[in-house]
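# Working through the structure, step by step
This is what each chain is made of:
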Amino acid sequence: MTDRDVQNKCTEGTEHSPVTMQPCNKTESQQIIAEDPWPSFENVNSSFCSRDYYFTLSTAMTFFCCVTGGFLSSMLTIAAMLVSLSAKKYSLNGDKECAEKKSRISLLLNSLAILLTIIVDIILIDVSFIVTHGSEDK
């Protein structure tokens, strides 16, 4: 196996940017072509994902819904946490479009959990008020 074969095998599947160099001596008519043996690292920073895709909101809402809302609200927020983790995975794999879709689903699930928690709390407050004060018809 020659050095060229080893180099091709090591860099298989990576993008190369051939560089054409002109010789310094004007009398020579040869061109020297060199290829970059290292893969292109243009998208190194784009693979790092700094967004949390509403995972923090989902975690806070899970705690809040467990304390005040109820079982169904907690299930919605746990589902939102799983969807936001899925969005983060898609983002790290480079599928930004799918990550944004999953992010919107996570936000929707959290919004539904907030709405359901408010409705359940209002019902619980009304029921507790009626039970404590009774129906005072005068």
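Our subject in this report is the structure included herewith. Since we're looking at a predicted model, the values are computed, not measured. (Residues numbered from 1 in each chain as written. Predicted model: local features only at pLDDT ≥ 70, side-chain atom pairs only at ≥ 80, totals over all residues. Heavy atoms only, no water.)

Another aspect to go through is the overall build of the protein chain. When helices and strands are tallied, the protein chain shows four helices and two strands. Mapped in sequence order, the helices and strands of the protein chain form the string α-β-β-α-α-α. Burial statistics for the protein chain: of 138 residues in total, 18% are counted as buried. Residue pairs at least 24 apart in sequence account for 59% of intrachain contacts in the protein chain once pairs closer than 6 positions are excluded. Carbon and sulfur atoms form 64% of the exposed surface of the protein chain, whose accessible area is close to 10,600 Å². (Helix = DSSP H or I, 4+ residues; strand = E, 2+ residues; numbered from the N terminus. Buried < 20%, exposed > 50% of the residue type's maximum accessible area, 1.4 Å probe, protein only. Contact = heavy atoms within 4.5 Å. Areas by Shrake-Rupley, 256 points an atom, 1.4 Å probe, with all protein chains shown as cover.)

Applying the stated criterion to the full structure yields zero aromatic pairs. Taking the ring centre of Y90 as reference, the NZ or CZ of K89 above it sits at 5.6 Å. (Phe/Tyr/Trp six-rings, centres within 6.5 Å; stacked < 30°, edge-to-face > 60°. Lys NZ or Arg CZ within 6 Å of the ring centre and 35° of its normal.)

Time to look at helix α2 (residues 55-69). Restricting attention to buried positions, one finds in α2 the residues S58, M61, T62, C65 and G69. Along the long axis of α2, the arc covered by the buried residues comes to 110 degrees, so they all point the same way. In α2, those exposed residues whose orientation departs by more than 90 degrees from the buried face are T56, F63, C66 and V67. Each element contacted by the buried residues of α2 is listed here: α3 (71-92) and α4 (96-133). (Arc of directions from axis to C-beta.)

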